[in-house]
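Structure at a glance
Each chain, written out:
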Amino acid sequence: MKIDKTMVDYILTNTADQSIVKAMIDMGHSLNMKIVAEGIEDRRMFELLASYGCDMIQGYYFAKPLSVFEFQKSLR
């Protein structure tokens, strides 16, 4: 299950968003799903989602989007 960026944009300052995202992760796990959160932009967001048990995390915190050429180059 993928958690959209719009759900995590204000997760550091909005306790309601924190509760919703945590509940989504718990629900997904109870259905034997892996959870991926997108739009992670800094270490604090990463650490919070990791503490909730989010399985995979993606976003600018790790890397900016790459063109196909840049991606292939990075693999070499």
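Here we summarise the structure given alongside this text. (Residues numbered from 1 in each chain as written. Predicted model: local features only at pLDDT ≥ 70, side-chain atom pairs only at ≥ 80, totals over all residues. Heavy atoms only, no water.)

For helix α2 (residues 15-30), built from 16 residues, the straight-helix expectation of 22 Å at 1.5 Å per residue is met to within 8% by its first-to-last C-alpha distance of 22 Å. Turning to α2, its buried residues number three or more, namely Asp17, Gln18, Val21, Ile25 and Gly28. Angularly, the buried residues of α2 cover 105° about the axis, an arc narrow enough to put them on a single face. Structural note: α2 exposes Thr15, Ser19 and Ser30 on the side pointing more than 90 degrees away from its buried face. On its buried side, α2 packs onto β1 (2-3), α1 (5-8) and α3 (43-51). Sitting at the amino-terminal end of α2 is Asn14, which places a side-chain oxygen 2.8 Å from the backbone nitrogen of Ala16. (Helix = DSSP H or I, 4+ residues; strand = E, 2+ residues; numbered from the N terminus. Expected span 1.5 Å × (residues − 1). Buried < 20%, exposed > 50% of the residue type's maximum accessible area, 1.4 Å probe, protein only. Arc of directions from axis to C-beta. Contact = heavy atoms within 4.5 Å. Polar contact = N/O pair within 3.5 Å; in protein donor to acceptor, adjacent residues only side chain to side chain.)

Take the side chain of Asp17 next. By the element assignment, Asp17 lies in helix α2. Within the buried core, Asp17 has no salt-bridge partner, and the shortest N-O distance to an opposite charge, that of Lys5, equals 11 Å. Leaving out residues up to four positions away in the same chain, Asp17 has contacts with Met7, Tyr10 and Ile11. (Lys, Arg positive; Asp, Glu negative; His and termini not counted. Salt bridge = Lys/Arg side-chain N within 4 Å of Asp/Glu carboxyl O.)

Let us now look at the sheet that holds strand β3 (residues 56-57). With parallel pairing, the three strands of this open sheet are ordered in space as β1-β2-β3. Looking along the sheet, the strands with just one partner apiece sit at the ends: β1 and β3. Bridging between strand β2 (residues 36-37) and β3 involves two bridges; their strand directions are parallel. By the bridge assignment for β3, Ala37 is matched with Ile57. (Pairing = 2+ DSSP bridges.)

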